[in-house]
Amino acid sequence: MMKKIMILAVLALLALGGQAKVRLPHILCNNMVLQQNTQVRLWGWAKGGSQISVTTSWNTAKLTTKADRDGRWMLKVQTPEASYTPQTIKFDDGDGAVELSNVLMGEVWVCAGQSNMEMPMKGFGNCPVEGYNEEVIAARDYRGIHYVKIPSEMRVNPQDDAQCEWKEIDASTIGEASATGYFFAQTVNRALDVPVGLIMANKGGTRVESWLTKENLEKYTNEPTDSAGIVNFKPEWDYHRALLWGNGTFNPILNYTVKGILYYQGCSNVGDPGNQYSERMKILVDQWRKQFALGEIPFYFVEIAPYHYDNVDGDQGARLREQQYRASTLIPNSGLVCTNDLVYPYEKTQIHPAQKRQVGQRLAYLALNKTYGMTAVGCQSPSFKDMKIVGDVVHIHVNNDLGAINRFEDIQGFELAGEDRVFHPAKAEHFWQPGGGYWDDTIRLTSSEVKNPVAVRYCFKNFQIGNLKNAAGLPLFPFRTDEW
């Protein structure tokens, strides 16, 4: 009997010791990448009032902090410059230590949004990623690319932790990495020769409202935020729900110190009225920047790709792209990637186009130019600047041609309309006239069916592929000059 009591006492002590031992959120674990050359936040839980010490392999100084009455603690640690040399971090509250290994210093980016960001290198069912096999074979050529996938979960209340782990990219792990995120990391890794960490916090099918906080939803939308309202609201798909995905999938990463956010979302908001989407995009970015408390961190996002939306000639998708472009003008320190050329003609009904390499690369071009100062990298797509109508001819200028356009003839995607508001395909060609003044270098548009044109559209349909690009090979943003 006494022996049994002693065993129970030992087990109880062990249990108490386990509870007292410092605990870290799952995102702080082996193989993680910390943002270089900055004060990074480290946090966790311990016995209320206990002192926690943190020792790093790159600095002999011991840092200490005290857990509050609820056992929560946080401190900041200065990180060194980027390196492929593995580091360690030891946490100790006096009742038990936790040591993390293979920690790298590099550049850390969040991969947020819906399914085209979530889409892994191995693809979805019937949705392959172009070049997958080659990338599996080449994975060994890239050192220091690590990722962590936050489970996609709905929660009524904001969560502080999520079951996840950092993984190093190799042939066995590359398949689960976000394809868009991985190709971004590849390009940054090659250009800067530093480790890159990707935090994948996304969910297929989600709307912009899915990631807004309760406070913002109540202030700016009519979405239900109370438990009863959430239960009674029954959308066609759970992934269309507001609030819950942000609480469960995004909130657990907000203490992590990151460089910026990559975002690919929008398909589930097609059909939104007026400027609602662009306004809510700005609200979301403001919210995330405030929550991360890292200042005006870069926000680079992706235009939704051409897709039929049940009618290839409709314009619901085009209007959402227009809202994304508007958002890029409203959100400071942001950039938008054009994807008008990144679908094949046979992908009209494919919501997950296969060409993810170019999407990730274009996001990287924005980061390299605007965030890392590599100004020689062309990063911005051309956009409509102005037009002049001379009889039955329309001349247009574009911004950001970077000194050249990619073709003089067979330019596809333009349409003209007269007062009847009926658009017809236009013949488009480069026009240059020596000594012609301001209009000596333009795109010249004509249509035999439109004698007195008043409006121009370029790829302003759900599914229409253009072919006009600038000197960096970046495609012209779809646009319209009318407000019909």
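The notes below deal with the structure included here. Chains are numbered independently. Their residues run from 1 in the order of the written sequence. The predicted origin of the model limits local features to residues at a pLDDT of at least 70 and limits the giving and counting of side-chain atom pairs to 80 or more, whereas totals for whole chains, interfaces and linings rest on all residues. Calculation of side-chain values draws on the structure's entire complement of heavy atoms; hydrogens and water are dropped beforehand.

1. Overview of helix H10 (residues 357–371)
Step number 1: Counting from the N terminus, the helices are the DSSP runs of H or I reaching at least four residues and the strands are the DSSP runs of E reaching at least two. Multiply 1.5 Å by the residue count of a helix minus one, and that product is the helix's expected span. Here H10 is 15 residues long and its end C-alpha atoms lie 20 Å apart, about the 21 Å a rise of 1.5 Å per residue gives.
Step number 2: Taken as a whole, H10 has its buried residues at Val359, Gly360, Gln361, Arg362, Leu363, Ala364, Leu366, Ala367, Leu368 and Asn369.
Step number 3: Following H10 by one or two positions, Gly373 adopts a phi angle in the positive range, close to 80 degrees. Three labels apply to residues, based on accessible area from a 1.4 Å probe with only protein chains included: buried if under 20% of the type maximum, exposed if over 50%, partly exposed otherwise in between.

2. Brief notes about the packing of helix H8 (residues 276–292) against helix H9 (residues 316–330)
Step number 1: Angles here are taken between N-to-C directions and fall from 0 to 180 degrees, while the axes themselves are lines fitted to C-alpha atoms, restricted in helices to the stretch in contact. The contact between H8 and H9 brings their axes to 8 Å, and the two run at 40 degrees. The orientation of H8 with respect to H9, classified from their angle, is oblique. Crossing of H8 against H9: the hand is right-handed. Residues Gln276, Tyr277, Ser278, Glu279, Met281 and Lys282 of H8 lie in contact with H9, whose contacting residues are Leu320, Gln323, Gln324, Arg326, Ala327 and Leu330.
Step number 2: Classification used: nonpolar for Ala, Val, Leu, Ile, Met, Phe, Trp, Tyr, Cys and Pro, charged for Asp, Glu, Lys and Arg, polar for all others including Gly. Partitioning the contact of H8 with H9 into residue classes produces five nonpolar, four polar and three charged. Note that the term roughly parallel is reserved for angles under 35 degrees, roughly antiparallel for angles over 145, roughly perpendicular for angles of 65 to 115, and oblique for everything else. Note on convention: the crossing is left-handed when the near helix lies turned anticlockwise from the far helix by less than a right angle, right-handed when the turn is clockwise. By definition, residues are in contact when any of their heavy atoms lie within 4.5 Å.

3. What about the packing of aromatic side chains?
Step number 1: Any pair of Phe, Tyr and Trp rings, taking the six-membered ring for Trp, is counted once the centres come within 6.5 Å. Such a pair is stacked with planes under 30 degrees apart, edge-to-face with planes over 60 apart, and tilted for the rest. Scanning all chains against the criterion turns up 22 aromatic pairs.
Step number 2: Ring plane angle 45 degrees and centroid distance 4.6 Å describe the contact between Phe414 and Tyr458, whose orientation is recorded as tilted. In this pair, Phe414 is assigned in strand E16 (residues 414–417) and Tyr458 in strand E20 (residues 455–458), connecting sequence segments 44 residues apart.
Step number 3: Between Phe423 and Trp484, the aromatic rings sit 5.6 Å apart at their centres with planes inclined by 55 degrees, giving tilted as the arrangement. Residue Phe423 is found in strand E17 (residues 423–425), and its partner Trp484 is found in the segment after strand E21 (479–480); the two are separated by 61 residues along the sequence.
Step number 4: By relative accessible area, Trp484 is classed as partly exposed at 28%.
Step number 5: An aromatic cluster is present here, built from Trp211, Phe250, Tyr263, Trp288, Phe292, Phe299 and Phe301 joined pairwise through their rings.
Step number 6: As a reminder, the over-ring test applies to NZ of lysine and CZ of arginine, requiring each to be within 6 Å of the ring centre and within 35 degrees of the ring normal. Seen from the ring of Trp45, Arg23 lies directly overhead, with NZ or CZ sitting 4.2 Å from the centre.
Step number 7: Positioned over the ring face of Tyr84 is Arg143, at 3.7 Å from the centre of the ring.

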